[in-house]
Amino acid sequence: IRGLGLSRSPKAVPALLAELALCRGVETWEERVNILTGLTNIAGAGGAAHEEVGAVLRRHLEDPSPIVARNAAMWLAERFGDSSGVGTLRSLLDWKYLGGQGFKPEDQELLLCRAIQCLAKLRDEESLEALRRHASENRSYKVKDAALRALDGWKAPRSGGGTGS
């Protein structure tokens with residue numbers, strides 16, 4: 001599976017989709033993440049697979065595993081400029097939510113920073129207040145730095161387009 005994804009060949013898409021169809025339920029979340037990572041790598045190379053992979057990722061926003069759903073939301077934002085998973089990304093801006101999910105403090109920082117980057121890329125206006133709040137807090141300098149960078153980048157002209165929803 002990993003090799004197919006790393007190949008970045010659109011010819012690998014049908015095989016990866018067939019494997020993905022076999023992975024259902026919460027217990028196979030790691031397999032789905034690996035397959036979706038491969039599909040995202042292939043779609044990043046452009047071409048016909050781009051739209052198909054975007055649709056697959058959007059379907060996984062409702063995955064039974066929150067890990068898969070979070071990753072799908074992040075990949076859609078990062079790689080596709082697609083805001084379909086913005087609700088999931090916004091929830092990741094909340095320290096209490098992350099703590100309630102059982103994440104260790106370092107994982108909370110990582111998820112917060114990544115969500116900040118994704119929401120900034122999407123220029124999600126509804127997240128601006130949360131970004132400003134994180135930029136002014138001293139709870140985590142990594143998160144503060146990510147928020148400051150995001151806000152600074154917000155001022156810059158937007159480049160490139162996506163398939164935003």
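In this text, all values refer to a predicted model and were calculated from it rather than measured experimentally.

For the rest of this paragraph, the subject is helix α5 (residues 66–80). Between the first and last C-alpha of α5 there are 20 Å, a value that for 15 residues agrees with the 21 Å anticipated at 1.5 Å per step. α5 sits mainly inside the fold: 11 of its 15 residues count as buried. Of the residues making up α5, those classed as buried are Val 68, Ala 69, Arg 70, Asn 71, Ala 72, Ala 73, Met 74, Trp 75, Leu 76, Ala 77 and Phe 80. Tucked into the core, α5 has its buried residues touching α3 (29–44), α4 (49–59), α6 (86–91) and α8 (105–122).

At their nearest, the axes of α3 and α4 sit 8 Å apart, and the two run at 150 degrees to each other. Taken as axis vectors, α3 and α4 run roughly antiparallel relative to one another. Both α3 and α4 take part in a crossing whose hand is left-handed. Seen from α3, the contacting residues are Leu 36, Leu 39, Thr 40, Ile 42 and Ala 43; seen from α4, they are Ala 49, His 50, Val 53, Val 56 and Leu 57.

Every buried residue of helix α2 (residues 13–22) is listed here: Val 13, Leu 16 and Leu 20. The buried residues of α2 occupy an angular sector of 65 degrees when projected down its axis, which confines them to one face. The exposed residues of α2 that point more than 90 degrees off its buried face are Pro 14 and Leu 22. Looking at the buried residues of α2, the elements they touch are α1 (2–7), α3 and α4.

Looking now at a negative patch on the surface. On the surface, Glu 19, Glu 27, Glu 30 and Glu 31 cluster together to form a negatively charged patch. Note on placement: Glu 31 falls in helix α3.

Our focus in this paragraph is the nonpolar core. Grouped together as the largest cluster of nonpolar side chains are 50 residues, with contacts concentrated most on Leu 36, Leu 39, Leu 57, Leu 89, Leu 93 and Ile 116. Considering every element that reaches this core, the biggest residue donor is α8, with nine residues. Apart from residues lying up to four places away in sequence, Leu 89 is in contact with Ala 73, Met 74, Ala 77, Ala 115, Cys 118, Leu 119 and Leu 122.

So, on to the confidence of the model for the protein chain. On average, residues of the protein chain score 89 in pLDDT, and 92% of them reach the 70 mark or higher. Taken as a whole, residues 161–165 scores under 50 in pLDDT and shows 12 contacts with residues more than four places along the chain or in a different chain.

Even without being a glycine, Arg 123 presents a positive backbone phi close to 55 degrees. Along the chain, Arg 123 turns up in the loop between α8 and α9 (128–136).

Before going further, it helps to spend a moment on the environment of Glu 78. Considering the arrangement of structural elements, one finds Glu 78 in helix α5. Residue Glu 78 is classed as partly exposed on the basis of its relative accessible area of 25%. Taking the C-alpha atoms as reference points, Glu 78 and Gln 117, 39 residues apart in sequence, are found 8.2 Å from one another. Among residues more than four places away in sequence, those in contact with Glu 78 are Arg 114, Cys 118 and Lys 121.

Taken as a whole and assessed by the stated rule, the structure comprises seven salt bridges. Residues Glu 78 and Arg 114 are paired through a salt bridge, measuring 3.0 Å at the closest nitrogen-oxygen approach. You can see Glu 78 sitting in helix α5 and its partner Arg 114 sitting in helix α8, a full 36 residues away along the chain. The closest approach of N and O atoms between Arg 90 and Asp 124, which form a salt bridge, is 2.6 Å. With a gap of 34 residues between them, Arg 90 in helix α6 and Asp 124 in the loop between α8 and α9 connect regions that are remote in the sequence. One continuous salt-bridge network, built from bridges that share partners, spans Arg 90, Asp 124 and Glu 126.

Thresholds, definitions, all that
Residues numbered from 1 in each chain as written. Predicted model: local features only at pLDDT ≥ 70, side-chain atom pairs only at ≥ 80, totals over all residues. Heavy atoms only, no water. Helix = DSSP H or I, 4+ residues; strand = E, 2+ residues; numbered from the N terminus. Expected span 1.5 Å × (residues − 1). Buried < 20%, exposed > 50% of the residue type's maximum accessible area, 1.4 Å probe, protein only. Contact = heavy atoms within 4.5 Å. Axes fitted to C-alpha atoms, helices over the stretch in contact; angles between N-to-C directions. Parallel < 35°, antiparallel > 145°, perpendicular 65-115°, else oblique. Left-handed = near helix turned anticlockwise from the far one by under 90°. Arc of directions from axis to C-beta. Patch = residues over 30% accessible without salt bridge, like charges linked within 9 Å, V, L, I, M, F, W, Y side chains within 5 Å. Areas by Shrake-Rupley, 256 points an atom, 1.4 Å probe, with all protein chains shown as cover. Salt bridge = Lys/Arg side-chain N within 4 Å of Asp/Glu carboxyl O. Lys, Arg positive; Asp, Glu negative; His and termini not counted. Charge placed at Lys NZ, Arg CZ, Asp CG, Glu CD. Core = buried A, V, L, I, M, F, W, Y, C linked by side-chain atoms within 4.5 Å. pLDDT = per-residue confidence, 0-100.

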